[in-house]
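Chains, contacts and geometry: an overview
For reference, the chains in residue letters:
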Amino acid sequence: MGLPALEFSDCCLDSPHFRDTLKSHEAELDKTNKFIKELIKDGKTLISALKNLSSAKRKFADSLNEFKFQCIGDAETDDEMCIARSLQEFATVLRNLEDERIRMIENASEVLITPLEKFRKEQIGAAKDAKKKYDKETEKYCGVLEKHLNLSSKKKEAHLHEADSQVDLVRQHFYEVSLEYVFKVQEVQERKMFEFVEPLLAFLQGLFTFYHHGYELAKDFSDFKTQLTISIQKTRNRFESTRSEVESLMKKMKENPHEHKTISPYTMEGYLYVQEKRHFGTSWVKHYCTYQRESKRITMVPFDQKSGGKGGEDESVILKSCTRRKTDSIEKRFCFDVEAIDRPGVITMQALSEEDRRLWMEAMDGQEPVYNSNKDNQSEGTAQLDTIGFSIIKKCIHAVETRGINEQGLYRIVGVNSRVQKLLSVLMDPKTASETEVDICAEWEIKTITSALKTYLRMLPGPLMMYQFQRSFIKAAKLENQESRVSEIHALVHRLPEKNRQMLQLLMNHLANVANNHKQNLMTVANLGVVFGPTLLRPQEETVAAIMDIKFQNIVIEILIENHEKIFNTVPDALLTNTQQSLSWKKSNDSKPPSCSERPLTLFHTVQTTEKQEQRNSLINSSLESVISSNANSILNSNSPLQPSVNSSDPELEVMKPTRPTSLTILCPVPKEEPQVVISPSTSSDLRIPEVSHQWLGCQKGNASLLRSSGVCVPTEKEASFKTGSDAPWRSHSTMHLSPPNPSPTSPLSPSWPMYSAPSSPMPTSSTSSDSSPISSPFRKAKALYACKAEHDSELSFTAGTVFDNVHPSQEPGWLEGTLNGKTGLIPENYVEFV
């Protein structure tokens, strides 16, 4: 059913029927406006998609055009040339098709989008403006009419006539606006029949033109397509005929690979692993090596077969000698040493097999090894801490301090590698190395001399500060207190071999002199630590952990430079006891959450039955008797002012009554994988041990340290202070408990951590004990400050903000015990705060 016609005569009446008919026309205009708006949006989306499609196809065509077939051999058949040309032909067809598509897209914007937007703006927009004007005049006419009808009849006649005239004018204007609006509405309804459909027809005509162009391109491409199909079939047939021959040749190569080797210009070639010394120890780098017997030239190309790329620059040397390496002199198999004329030192190589090593040694005229029983006589060209080594370092230091102490970037700016190797070759020559009075001539640059010094230190069989002490130096640098660091490093330096310590002292004195001139050379102590840390303190294996510890290597060198007079010219105090190390680590851990290495292995004290308690007491009896009798009695007999008397025949060891009660908790060391013996105060144990009197606790520090180093746990004077009075519930007996060993931050195998637990420390008590612990901790709630993921079943995983119930101290240092969602487990102490 169509829309009813709008009669102009109805405009004057403005009847309800007229208004309903007008509203239906207005609704149709709104519907048409929305439809055209959506159509324009969809058309723009279509054009954008066509542009993207054209861009993708054009890129695809460019890729086809850029690729060039490379056929095997130095000539191509006509079929191969046709196939090789096919990709360019494909690209040409696609480009022509996309050129036509671009013309269609550009035309679509003009014939579709622009006319629709113009119709919507000029026609429908004008009808909307006319409607606004019509509604405004309607409101004005109705208002004037109501006001006019409310005039009083008692008004003057002139005034009434004037009001009538004004109403007539407003009515006439309203009538005119109504006629114009009705005319515009009907005009738009008629115009949309052609101005709306015509752009769509033009757009479809463009699409047909594009597809017709594709059809014409396909007709033109038909001849080449036929030719290409024939060439592909011929090539496939030739492949099938030659494949069997190639496969037969491959099988022959598998059966007898040596009979089909190609003639090579080299006497020997193949892959070898070459030992290279680096900051972090030694590494074995794979090289492809070639050797020519006539010229005795060895060429080494670092190459990684997995990545298929070179790992560095090629190196070529002239062979001097080749010697087989005995298996017991190196951890690797199939090794041999090569000495070169134009390179100092020995190059250690590893062949791929015993047969491969034999072939290489035959090609190089290799010899069997001859070892001198006197290990002090080192082979020529080997860096050692001998007279020659000290002479080289002293000459380098003398040259630097006399000629270049103020040169900027000293030791940080490296010299040319070839010059450095040449200088080392001269310095390491036994003929000139013994001439201690001969200085390095002025022709050598300072950066060459400093690089030679560092290179010589890296050429040593091991780092100057030795592999076995590397971890100890790092741990010392990680101590919280600067004084403790210096003291520990002081002790470690004096544990080095004499030659290592002398060379280190020589070097540190020199570096201190360099640092004193840092205003001129810009080499502060920190800069020197960065330069020499990886050289003097490199680890045995290059790992991520070792790389993360570089900063601590630098700290060690800084401490050695800053404190060189004290460290090398004075004898260190007694080495830090395990107790002091433990306390230092505990102080450090108070400011940070426990690390993974400090997590406890066993976590909770479980309730034990009477039978298990008896078995445990039996085990403790035998363990305690062996530990105390073997380690402590001899020391007590010779050093203690007061010696407890023990009746060995008594099944229960009688306790000597001290002058004042004590409350000591002693952890007796036991081997790894065995439970630790913990002696803690209790009243329900059948096992007694000698208690230590307060007078004995006042023994000299030396005796206490000796006792600690023997495996017996002795508290320090500060730790041995006791409570007196009614608030210190002392017991006359000692109950023994089994406690799992705590992992030590300094040494996982250390049996003496913790060495001593103060009376206030929470300790596990046996289920048979009737007394409470000396200090009971109330169960409280705690809130997590950080998130934590459990590494053991007995730990709790939680997120930041989690609230725990029943939180109380645990027997594990640095850990609390709490309950979360019904599960009880361990919580890192520094991860939570009590609420």
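For the structure, see preceding data.
Everything in this summary refers to the structure shown in the same document. (Residues numbered from 1 in each chain as written. Predicted model: local features only at pLDDT ≥ 70, side-chain atom pairs only at ≥ 80, totals over all residues. Heavy atoms only, no water.)

**Focus on the packing of aromatic side chains**
Formally: Pairs were defined over the aromatic rings of Phe, Tyr and Trp, the Trp ring being its six-membered one, requiring ring centres within 6.5 Å. Orientation was assigned from the angle between planes: stacked under 30 degrees, edge-to-face over 60, tilted for the rest. Helical segments are the DSSP runs of H or I of at least four residues, strand segments are the runs of E of at least two, and each set is numbered from the N terminus. Remark: exposure states derive from per-residue accessible area (1.4 Å probe, protein chains only) relative to the maximum for the residue type, with buried under 20%, exposed over 50%, and partly exposed in between.
For the structure shown, the criterion picks out 12 aromatic pairs. Centroid distance F35 to F196: 5.5 Å. Interplanar angle 80°. Geometry classified as edge-to-face. Of this pair, F35 sits in helix 2 (residues 16–66) while F196 sits in the loop between helix 4 (157–195) and helix 5 (197–255), and the two are 161 residues apart along the sequence. By relative accessible area, which is 46% here, F35 ends up partly exposed. You can call F196 buried: its relative accessible area is 13%. Both rings, one in Y134 and one in Y181, keep their centres 5.2 Å apart while their planes meet at 20°; by these two values the pair is stacked. With Y134 in helix 3 (residues 78–149) and Y181 in helix 4, the pair connects residues that are 47 residues apart, well separated along the chain. The pair formed by Y134 and Y181 is uniform in burial state, with each residue classed as buried.

**Quick notes on the pairing of strand 5 (residues 315–324)**
Where we set the bar: A strand pair is defined by DSSP finding two or more bridges across the two strands.
In the sheet, strand 3 (residues 297–304) pairs with strand 5 via 4 bridges, with the strands oriented antiparallel. Paired with T299 across the strands is S316, a residue of strand 5. As paired elements, strand 5 and strand 6 (residues 335–340) share 5 bridges and run antiparallel to each other. Note on strand 6: the bridge partner recorded for T323 is D337.

**Some words on the environment of G345**
Looking at the element boundaries, G345 is found in the loop between strand 6 and strand 7 (346–350). Counting along the chain gives 83 residues from G345 to M428, while the straight-line C-alpha distance between them is 9.1 Å.

**Brief notes about the environment of E276**
Following the sequence through the fold, E276 ends up in strand 1 (residues 268–278). By relative accessible area, which is 26% here, E276 ends up partly exposed. For the pair E276 and M349, spaced 73 residues apart in the sequence, the C-alpha separation amounts to 9.6 Å.

**As for the sheet that holds strand 16 (residues 832–834)**
Stated precisely, the cut-off is as follows: The axes are straight lines fitted to the C-alpha atoms, using for helices just the contacting stretch, and the angles between their N-to-C directions are given from 0 to 180°.
One open sheet accounts for 5 strands, arranged 15-14-13-12-16; its pairing is antiparallel. If you trace the sheet from one side to the other, it starts and ends with strand 15 (823–828) and strand 16, each paired once. Here the average twist between neighbouring strands, direction ignored, is 45°. The pairing of strand 14 (residues 815–820) with strand 15 spans 6 bridges and is antiparallel. What sits directly across from T819, in strand 15, is T824.

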